[in-house]
Amino acid sequence: MVLVRYNPWQELNALERHINGLFGDTRVPSARLEKGFIRVPAAELYETDDAIHVKLELPGLEAKDLDIQVTQDAVRISGERKSETKTQDKGITKSEFYYGKFQRVIPLSARVENTNVTADYKDGILNLTLPKSEQEKNKVVKVNLEQPAS
């Protein structure tokens, strides 16, 4: 019999890897995920002086299946990917696709004019342009320094 030294950190490291695998694995399906676990679409945000641009991957969805709501400080995207029903006499079908409802709320780093949002949906990619509100835009103000009177 071999004696193995007990390392309590090893169990915590294994738990951390397991949790990271559950929450970080949105692209490759995993057998560890349960049926009720909801995956969210991947997002990309970039900010300019005038607007915040949001890009989301939504392959296999039609525009009519999406609900997009924008407040002054967040974007909420929800939708449903519906499964295709197929009848098959023989054989086995194995699918790694995720079907069902999803929702994602993305907090914004600046307040936006939610009445002037533009959206473009093409080839499964949703592009939102959210113009910043006037008070959020970077304004340059020249400051004059006066010499003290002597």
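Residues numbered from 1 in each chain as written. Predicted model: local features only at pLDDT ≥ 70, side-chain atom pairs only at ≥ 80, totals over all residues. Heavy atoms only, no water.

A short note on the overall build of the protein
When helices and strands are tallied, the protein shows one helix and seven strands. Beginning at the N terminus, the succession of helices and strands in the protein can be written as α-β-β-β-β-β-β-β. When burial is assessed residue by residue, the protein has 22% of its 150 residues classed as buried. Of the contacts formed within the protein by residues at least 6 apart in sequence, a portion of 56% connects residues at least 24 apart. Carbon and sulfur atoms make up 51% of the accessible area of the protein, which amounts to about 12500 Å² in all. (Helix = DSSP H or I, 4+ residues; strand = E, 2+ residues; numbered from the N terminus. Buried < 20%, exposed > 50% of the residue type's maximum accessible area, 1.4 Å probe, protein only. Contact = heavy atoms within 4.5 Å. Areas by Shrake-Rupley, 256 points an atom, 1.4 Å probe, with all protein chains shown as cover.)

Topic: the side chain of Ser78
As for its position among the elements, Ser78 is in strand β4 (residues 74-81). The exposure class of Ser78 is buried, given its relative accessible area of 11%.

A word on a nonpolar patch on the surface
Taken together, the side chains of Trp9, Leu12, Leu15 and Ile19 define a hydrophobic patch exposed on the protein surface, amounting to about 420 Å² of accessible area. Of note, Leu12 is situated in helix α1 (residues 8-24). For Leu12, a relative accessible area of 48% gives the class partly exposed. (Patch = residues over 30% accessible without salt bridge, like charges linked within 9 Å, V, L, I, M, F, W, Y side chains within 5 Å. Salt bridge = Lys/Arg side-chain N within 4 Å of Asp/Glu carboxyl O.)

Comments concerning the sheet that holds strand β3 (residues 66-70)
Ordered in space as β3-β4-β5, the three strands form an open sheet in which the pairing is antiparallel. Because the sheet does not close on itself, it has two edges, and the strands there are β3 and β5 (100-107). Across this sheet, the average inter-strand angle for adjacent strands is 10 degrees, counted without regard to direction. (Pairing = 2+ DSSP bridges. Axes fitted to C-alpha atoms, helices over the stretch in contact; angles between N-to-C directions.)

Concerning the nonpolar core
If you look at the biggest cluster of nonpolar residues, it comprises 17 residues, and the most contacted ones within it are Ile52, Val54, Leu56, Leu58, Val75, Ile77 and Leu130. Every element with two or more residues in this core is listed here: β2 (51-57), β3, β4, β5 and β7 (125-131). Ignoring sequence-local partners within four residues, the contact set of Leu56 consists of Pro41, Ala42, Ala43, Ile77, Ile106, Gly124, Ile125 and Leu126. (Core = buried A, V, L, I, M, F, W, Y, C linked by side-chain atoms within 4.5 Å.)

What to know about the pairing of β2
Consecutive side chains along a regular strand alternate between the two faces of the sheet. Across the seven residues that make up β2, a large majority, five, are buried. Relative to β2, strand β1 (residues 43-47) runs antiparallel, the two sharing five bridges. Along β2, the bridge assignment pairs Tyr46 with His53. Taking the residues that link successive antiparallel strands as the turn, the β1-β2 hairpin has three residues. Summarising the sheet, β2 and β7 pair through seven bridges and their orientation is antiparallel.

Side note on the confidence of the model for the protein
Per-residue confidence for the protein averages 79 on the pLDDT scale, and 79% of its residues sit at or above 70. The low-confidence segment residues 25-37 (pLDDT under 50) makes 14 contacts with residues lying over four places distant or belonging to another chain. (pLDDT = per-residue confidence, 0-100.)

What about the sheet that holds β2?
Taken in spatial order, the four strands line up as β1-β2-β7-β6 in an open sheet, and their pairing is antiparallel. Taken across any chain shown, the strands that pair with only one partner, and hence form the sheet edges, are β1 and β6 (118-122). Shown here is a sheet whose adjacent strand axes are inclined to one another by a mean of 15 degrees, direction ignored.

Overview of unusual backbone geometry
The backbone of Asp123 shows a phi angle near 55 degrees, a positive value even though the residue is not glycine. Among the secondary structure elements, Asp123 is positioned in the loop between β6 and β7. In this structure Asp123 comes out as exposed when scored by relative accessible area, which is 72%.

As for the environment of Val70
Structurally, the position occupied by Val70 is in strand β3. C-alpha separation for the pair Val70 and Asn114, spaced 44 residues apart in sequence, amounts to 5.7 Å. Filtering out sequence-adjacent residues up to four positions away, Val70 remains in contact with Val75, Val112, Asn114, Val117 and Leu130.

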